[in-house]
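Inside the fold
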Protein chains: 2
Amino acid sequence: MSKALDLYKEFAKEFNKDRRSELASQKILEIGQESLAYLSKLNRRNLQSKVTGKEYFSFKKARKLSRAVNKALFDESAGKLFNFLEALRLNSLSRLTPEEITQACYTAAISFSCVVDLEKQGDQKTPGTFFEYFVCHLVARRLGVDPQKKIEVLNLDRPFSLPTDWIFDPGAHHPKIHLPVKTSTRERVIQVWAHQRVLDGVYGVGRFMGILVCLAETKLDHQKLEVVEICLPDQWRIYQMFISKMKRIYYLDLPKPYEPLNQSFPRIQVRPFGEFFHEVETLGKDE
Amino acid sequence: MSKALDLYKEFAKEFNKDRRSELASQKILEIGQESLAYLSKLNRRNLQSKVTGKEYFSFKKARKLSRAVNKALFDESAGKLFNFLEALRLNSLSRLTPEEITQACYTAAISFSCVVDLEKQGDQKTPGTFFEYFVCHLVARRLGVDPQKKIEVLNLDRPFSLPTDWIFDPGAHHPKIHLPVKTSTRERVIQVWAHQRVLDGVYGVGRFMGILVCLAETKLDHQKLEVVEICLPDQWRIYQMFISKMKRIYYLDLPKPYEPLNQSFPRIQVRPFGEFFHEVETLGKDE
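Given the structure is predicted, the values throughout are model-derived calculations rather than measurements.

Notes on the relation of the copies chain A and chain B
Taken as rigid bodies, chain A and chain B are interconverted by a rotation of 180 degrees and an axial shift of 0.1 Å, the fit giving an RMSD of 0.0 Å. Overall, the copies show the geometry of a two-fold rotation axis. Most of the interface of chain A is mirrored in chain B, where 100% of its interface residues are also at the interface.

Below, the structure written as structure tokens:
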């Protein structure tokens with residue numbers, strides 16, 4: 001059993017106590033280091049990539065294969081992750097490029113997920129929860145604001161609160177952020193636009209910026225050892241036109257079919273996650 | 001292995017060829033009869049019902065327990081199902097009460113689901129697909145209209161089609177029906193309101209009546225042998241206020257917490273499924 005799984009429990013406990021503590025950042029670094037050390041001892045299996053311009057491999061342990069790992073984004077040392085967390089701590093992110101930040105985050109998220117794939121049986125929940133807490137911690141540290149998980153809804157008869165995805169309120173006169181986090185979306189993604197619609201209805205359109213953060217949309221066929229990306233760009237367009245407007249959709253491994261979505265009506269800005277850390281200050285200034 | 005599972009395959013094949021054939025109705029009756037014959041040989045285990053005014057039991061086979069069955073709605077003979085399908089065929093549904101129709105449908109849906117629970121391991125897909133086809137077939141026969149699964153979306157640049165839940169178009173001047181079907185809803189239910197919102201946006205508010213049909217919201221704790229209903233009435237209210245308006249929500253086993261939803265703003269009409277067959281002709285006449 002990898003020590004990364006114990007460290008994950010410590011991280012989750014700390015995160016639930018303090019969303020943006022330095023200790024939580026420290027635990028993320030340790031999880032990354034332990035996961036990479038564990039994976040470095042394993043063989044890799046090259047996969048048949050059906051995605052133009054991207055190469056993938058899996059880690060192999062006995063007869064088990066991990067999920068697909070994007071070669072270009074994976075950083076075998078934890079160096080980029082260390083630099084990123086350090087820059088986040090010192091509030092000096094400008095010295096890193098968005099690409100370096102994306103690689104650092106991708107490596108942390110995918111390496112721990114691979115450890116779970118190989119150590120556990122069909123456990124999707126642990127990688128999903130880790131990814132959610134991980135992204136939420138990074139955003140909370142970047143904004144210097146604690147997130148909430150529910151908000152009050154004005155109602156003429158009786159007050160009640162609405163459970164939400166992560167919500168960040170940087171204070172009066174600043175745009176607020178609605179931050180759903182998913183390892184992958186598939187057909188469940190309509191929930192994201194629907195939650196944004198509820199916030200638009202309750203607080204006024206534009207009051208909350210909807211920002212979705214995803215890991216990847218890859219699917220590994222374990223028989224054929226092929227990797228494909230499962231994407232629904234036409235449905236996303238319909239949601240963006242008829243349900244609500246998402247401000248940004250960030251990916252760690254940005255799927256090819258979503259790249260052109262920012263080029264025609266209804267524009268959806270799908271970008272690598274690293275860009276968030278550079279553009280967050282100007283985001284929403286046009287509202 | 002129960003013959004009901006083979007009959008289910010024959011029903012699915014026929015349904016995919018002709019949504020409202022007499023043969024499909026015949027297969028439903030046979031599945032009901034076979035399922036009830038299979039279950040009649042098994043012992044029953046009374047369950048601790050945490051739902052006031054409702055009693056539940058499970059069928060027991062070796063160490064396996066079926067899902068919870070509502071005593072008052074379960075008809076051990078297939079008599080009510082036979083009468084209902086016959087009345088549907090002869091277009092003489094007025095001789096049955098809504099309660100009898102609800103019992104007939106509940107018995108067909110729950111008995112086959114129990115067979116799957118006991119014969120298969122963790123198979124939620126088969127009962128879900130059966131329920132969807134079953135309800136869709138009944139509605140198609142009642143309306144005399146074939147359903148569609150996608151519709152064209154007007155787009156200024158290029159046409160594309162939207163995959164949908166079941167859609168019934170009874171022709172010009174008649175309200176069209178958007179019919180999602182679920183065995184239970186939980187937090188995924190926001191999809192239903194979101195799809196309705198898309199239809200409202202594309203075709204105009206009120207053009208499609210949203211009608212959700214569900215089996216039940218019961219949850220059986222296999223350790224404590226307790227049955228509870230998992231319901232989110234406050235969230236439904238928010239969806240009905242801020243996403244779209246569902247015209248009806250029909251249940252075979254109507255959950256207690258949803259009963260009062262039609263009594264205060266924003267009214268949501270949650271009713272036993274049997275009522276659909278009586279009120280469908282007047283439904284939408286007020287739009």
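Continuing now.
Regarding the packing of aromatic side chains
Residue and element names in this part refer to chain A. For the structure on display, the rule yields 44 aromatic pairs over all chains. Note on Phe11 and Phe130: the rings are 5.7 Å apart at their centroids and 70 degrees apart in plane angle, and the pair reads as edge-to-face. With Phe11 in helix α1 (residues 3-17) and Phe130 in helix α5 (residues 125-143), this pair connects stretches of sequence that are 119 residues apart. When the centroid spacing of 5.6 Å and the interplanar angle of 10 degrees are considered together, the rings of Phe130 and Phe134 count as stacked. Placement of both Phe130 and Phe134 in helix α5 is noted, with a separation of 4 residues, approximately one turn of the helix. The two residues Phe130 and Phe134 agree in class, both being buried.

A closer look at the pairing of strand β8 (residues 176-179) of chain B
Both faces of the sheet carry side chains from a regular strand, because those side chains alternate between them. Residue and element names in this part refer to chain B. Side-chain alternation along β8 places Lys176 and His178 on one buried face and Ile177 and Leu179 on a second face that is also buried. Strand direction decides the pairing type here: strand β7 (residues 160-168) and β8, joined by 3 bridges, are antiparallel. Looking at β8, one finds that Ile167 is bridged to His178. Bridge analysis of β8 against strand β10 (residues 208-214) gives 3 bridges, and the strand direction is parallel. Bridge pairing in β10 links His178 to Gly210.

Some words on unusual backbone geometry
Residues and elements named next belong to chain A. With an omega of -10 degrees, the peptide bond running from Phe265 to Pro266 counts as cis. Among the secondary structure elements, Pro266 is positioned in the loop between β13 (248-251) and β14 (270-272). Of note in the backbone geometry, Ala62 takes a positive phi value of approximately 50 degrees without being a glycine. Here Ala62 lies in the loop between β3 (56-61) and β4 (64-65).

What to know about the environment of Leu29(A)
Residue and element names in this part refer to chain A. Within the fold, Leu29 resides in helix α2 (residues 22-40). Given the relative accessible area of 8%, Leu29 is considered buried. Residues Leu29 and Leu81, 52 residues apart in the sequence, show an inter-C-alpha distance of 6.9 Å. Sequence-distant contacts of Leu29, defined by excluding residues within four places in its chain, comprise Leu81, Phe82 and Leu85.

Criteria and thresholds
Residues numbered from 1 in each chain as written. Chains lettered and ligands numbered in written order. Predicted model: local features only at pLDDT ≥ 70, side-chain atom pairs only at ≥ 80, totals over all residues. Heavy atoms only, no water. Least-squares fit on C-alpha atoms with pLDDT ≥ 70 in both. Contact = heavy atoms within 4.5 Å. Phe/Tyr/Trp six-rings, centres within 6.5 Å; stacked < 30°, edge-to-face > 60°. Helix = DSSP H or I, 4+ residues; strand = E, 2+ residues; numbered from the N terminus. Buried < 20%, exposed > 50% of the residue type's maximum accessible area, 1.4 Å probe, protein only. Pairing = 2+ DSSP bridges.

Any link to function would need more than the numbers given here.
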